[in-house]
Amino acid sequence: MAKPPGPLIVAHKANRPSLLRKYLSLKVPLLEIDVNVERGNLVVLHGVDFSDYGAVRGWIMKWGYLIMEHRDPLWRPAPLEDYLSAVGGRAGLWLDLKCRNVGRELVKLVREYGVSPVVVSSAFHEELKAIKEMEPSITTILGNVMFRPVDVAGMARAAKADGVSVEYRYIDRRLVEEAHREGLKLAAWTVNKVDRALRLIEMGCDYIITDVPEKIIKLVK
């Protein structure tokens, strides 16, 4: 039996231009950026809502997050079009959708900029289903799965998705085999330790999402 190809390494949250440039220079196969809406436009921003903590405390927590997490833009987020143009076909893009009711605009931009390969993930599974129906060539992945699915195939079929992105601690060999048996892809996130990445690669995960692609990519090479 032929040995299956290794997983694709995905650079996690390349939301700052400096990170985008770094990962492009490293020739990481897939760059993950977060897609959100600001003032009616698609922008690159993960964002965390601290409004429930009050004005002053929320402001402090927001800036603390931006400085410590150091992956979102410090100032105004850039339009998604700027990132699509900057990548310019030099890498594939993994677009993690943080909002709903923007699928049509997202598909339009993907077509306009000729993004390939492209993966779209989201916790809004109905949004993924709509995107898949509009553009079947886009790989759609159920995102933010922070549990061990009982019926991974049923979840994916309900959203017409091509795979599932699961937090690494909930992945075992049986889950990988279940997904592959149904023709689904399995992504592991967020994997920053080499020994952990090795175990997931050996299990057969299709994507390894990481903050340190410069380390993990060497395991595949």
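Reference entry: report on the structure contained in this document. (Residues numbered from 1 in each chain as written. Predicted model: local features only at pLDDT ≥ 70, side-chain atom pairs only at ≥ 80, totals over all residues. Heavy atoms only, no water.)

## Quick look at the overall build of the protein chain
Across its full length, the protein chain holds nine helices and nine strands. Across the protein chain, the fraction of contacts at a sequence separation of at least 24, relative to all contacts at a separation of at least 6, is 55%. Of the roughly 11600 Å² of accessible surface on the protein chain, a fraction of 54% belongs to carbon and sulfur atoms. (Helix = DSSP H or I, 4+ residues; strand = E, 2+ residues; numbered from the N terminus. Contact = heavy atoms within 4.5 Å. Areas by Shrake-Rupley, 256 points an atom, 1.4 Å probe, with all protein chains shown as cover.)

## Quick notes on the nonpolar core
Counting 60 residues, the largest nonpolar core has L31, L80, L95, L106, I171, L186 and L200 as the members making the most contacts within it. Each residue touching L80, except ones within four places of it in the same chain, is listed here: I33, V35, L42, V43, V44, L95, L106 and L109. With nine residues, the next largest nonpolar core counts L30, V119, A187 and W189 among its residues. (Core = buried A, V, L, I, M, F, W, Y, C linked by side-chain atoms within 4.5 Å. Buried < 20%, exposed > 50% of the residue type's maximum accessible area, 1.4 Å probe, protein only.)

## Quick word on helix 4 (residues 103-112)
Of all the residues in helix 4, the buried ones are G103, L106, V107, L109 and V110. Projected onto a plane normal to the axis of helix 4, the buried residues spread over an arc of 160° and lie on a single side. Exposed residues on helix 4 whose side chains face more than 90 degrees from its buried face are R104, R111 and E112. Contacts made by the buried residues of helix 4 are with strand 2 (30-38), strand 3 (41-44), helix 3 (80-87), strand 4 (92-97), strand 5 (118-122) and helix 5 (125-134). (Arc of directions from axis to C-beta.)

## Side note on the packing of aromatic side chains
Aromatic rings considered in pairs are described by the distance between their centres and by the relative angle of their planes. Tallied over the full model, the rule gives one aromatic pair. Ring centres of W94 and Y207 lie 5.1 Å apart, and the angle between their planes is 90°; on these two criteria the pair is classed as edge-to-face. Of this pair, W94 sits in strand 4 while Y207 sits in strand 9 (residues 207-210), placing them 113 residues apart in sequence. Look at W94 and you get buried, because its relative accessible area is 1%. Taking relative accessible area as the criterion, Y207 reaches 5% and is therefore assigned buried. (Phe/Tyr/Trp six-rings, centres within 6.5 Å; stacked < 30°, edge-to-face > 60°.)

## Let's talk about empty space enclosed by the protein
Rolled over the atoms, a probe as big as a water molecule pinpoints where empty space is left. Within this structure, the stated rule accounts for one cavity of 30 Å³ or more. Taken together, L84, V87, G88, G89, A91, L93, Y113, V115 and S116 make up the full set of residues lining the largest cavity. Taken together, the residues of the lining of the largest cavity break down into six nonpolar, three polar and no charged. (1 Å grid on protein atoms, 1.4 Å probe; cavity = no way out; pocket = protein on both sides within 12 Å on 5 of 7 lines; lining within 4 Å. Points joined across faces, edges and corners; volume = space filled by probe spheres on them. Nonpolar A, V, L, I, M, F, W, Y, C, P; charged D, E, K, R; others polar.)

## Comments concerning the environment of E38
Summarising the element assignment, E38 is placed in strand 2. For the pair E38 and R76, spaced 38 residues apart in sequence, the C-alpha to C-alpha distance is 9.7 Å. When sequence neighbours within four positions are dropped, the list of residues in contact with E38 reads V43, R76 and P77.

## Examining the pairing of strand 6 (residues 139-145)
Here strand 6 lies mainly inside the structure; six of its seven residues are buried. Sheet analysis places strand 5 next to strand 6, joined by four bridges and oriented parallel. Within the sheet, the bridge partner assigned to V120 lies in strand 6 and is T140. Read from strand 5 through helix 5 to strand 6, the crossover connection turns out right-handed. Taken together, the three bridges between strand 6 and strand 7 (residues 163-167) define a ladder with parallel strand orientation. Within the sheet, the bridge partner assigned to V145 lies in strand 7 and is V166. Crossover handedness for the path strand 6 to helix 6 (residues 152-158) to strand 7: right-handed. (Pairing = 2+ DSSP bridges. Right-handed = clockwise from strand over helix to strand, strands pointing away.)

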